[in-house]
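# Secondary and tertiary structure notes
Given next are the chains, with one letter for each unit.
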Amino acid sequence: MIKMLHLTFVLLSIISFVGRVFLAQSRPEMLEIKWIKIGPHIVNTILLITGFTLVFQGSWLSGEYGWIVAKLIVLLGYVGLGTLAIKSQGTMRWQAFAGAVACFIYIAIVAVSKHALFFL
Ligand code: HEM
């Protein structure tokens, strides 16, 4: 149940991020609309809450938890590069966008594989 909620908000998070970069590029004035401004914060807060709930529900900290630490560290990259992609312009925007999407994909693969270094 919580996992379904987590996955729903994972999807909403990436959709709202890609949507905001798209708006920043084509209709920046729309980023000032209240629900477009606040919505993603609510989505990402629920994503975090459901993530931490799953950590405790699954007693993940009592085993090998390197993958959870990796998720949290790369999450900072997703948030930081995501903000940069929305706030910057030109090449910088698209480099930050690519970096944020790469972080998101890494986090998702780590979640499924439960291995921070799944590529080794
Ligand atoms: C962009 C952010 C995130 C993405 C893309 C993401 C992705 C995923 C995915 C795809 C799963 C399902 C894995 C599976 O069914 O095998 C999952 C589960 C999980 N996530 Fe996240 N997650 C994110 C954020 C977080 C955060 C912040 C935490 C908390 C530290 C967290 C903790 C967990 C836990 C503990 C599970 C459950 C693993 C299980 O029971 O199999 N996630 N996540």
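You'll find the structure just up there.
Each value, and the rule that gives it
Residues numbered from 1 in each chain as written. Predicted model: local features only at pLDDT ≥ 70, side-chain atom pairs only at ≥ 80, totals over all residues. Heavy atoms only, no water. Helix = DSSP H or I, 4+ residues; strand = E, 2+ residues; numbered from the N terminus. Contact = heavy atoms within 4.5 Å. Near = heavy atom within 4 Å. Polar contact = N/O pair within 3.5 Å; in protein donor to acceptor, adjacent residues only side chain to side chain. Nonpolar A, V, L, I, M, F, W, Y, C, P; charged D, E, K, R; others polar. Axes fitted to C-alpha atoms, helices over the stretch in contact; angles between N-to-C directions. Parallel < 35°, antiparallel > 145°, perpendicular 65-115°, else oblique. Left-handed = near helix turned anticlockwise from the far one by under 90°. Donors = N, O, S within 2.8 Å, 3.2 Å for Na, K, Ca; no water. Tetrahedral: all angles 85-135°; square planar, octahedral: opposite > 155°, others 65-115°. Buried < 20%, exposed > 50% of the residue type's maximum accessible area, 1.4 Å probe, protein only.

## Considering the environment of V10
By the secondary structure assignment, V10 is in helix α1 (residues 2-26). V10 sits 69 residues away from V79 along the chain, and the two C-alpha atoms are 13 Å apart. Contact partners of V10, with chain neighbours within four places excluded, come to L47 and F104.

## Observations regarding the site of the ligand
Neighbouring the ligand are 22 residues; K3, H6, K71, A111 and K114 lie closest to it. With respect to the ligand, the side chain of H6 contributes an N or O atom lying 3.0 Å from a nitrogen atom. The side chain of K114 places a nitrogen or oxygen atom 3.0 Å from an oxygen atom of the ligand. Going through the elements one at a time, α1, α2 (34-57), α3 (66-87) and α4 (90-113) are the ones with two or more residues in the shell around the ligand. Grouping the amino acids of the shell around the ligand by side-chain chemistry returns 17 nonpolar, two polar and three charged.

## Let's talk about the packing of α3 against α4
Their axes nearest at 8 Å, the elements α3 and α4 cross at an angle of 160°. Here α3 is positioned roughly antiparallel relative to α4, judged by the angle of their axes. The chirality of how α3 crosses α4 is left-handed. Contact residues: α3 offers W67, A70, K71, V74, L75, G77, Y78, L81, G82, L84, A85 and I86, while α4 offers M92, R93, A96, F97, G99, A100, C103, F104, Y106, I107, V110 and A111. Here the contact of α3 with α4 is built from residues that sort into 19 nonpolar, three polar and two charged.

## What to know about the coordination of the iron atom of the ligand
Bound to the iron atom of the ligand are the protein donor atoms H6 (NE2) and K71 (NZ), situated 1.9 to 2.1 Å from the metal. Because the angles between the six donor atoms bound to the iron atom of the ligand fall within 82 to 176°, the donor set is best described as octahedral. Of this pair, H6 sits in helix α1 while K71 sits in helix α3, placing them 65 residues apart in sequence. An identical accessibility class is assigned to H6 and K71; each is buried.

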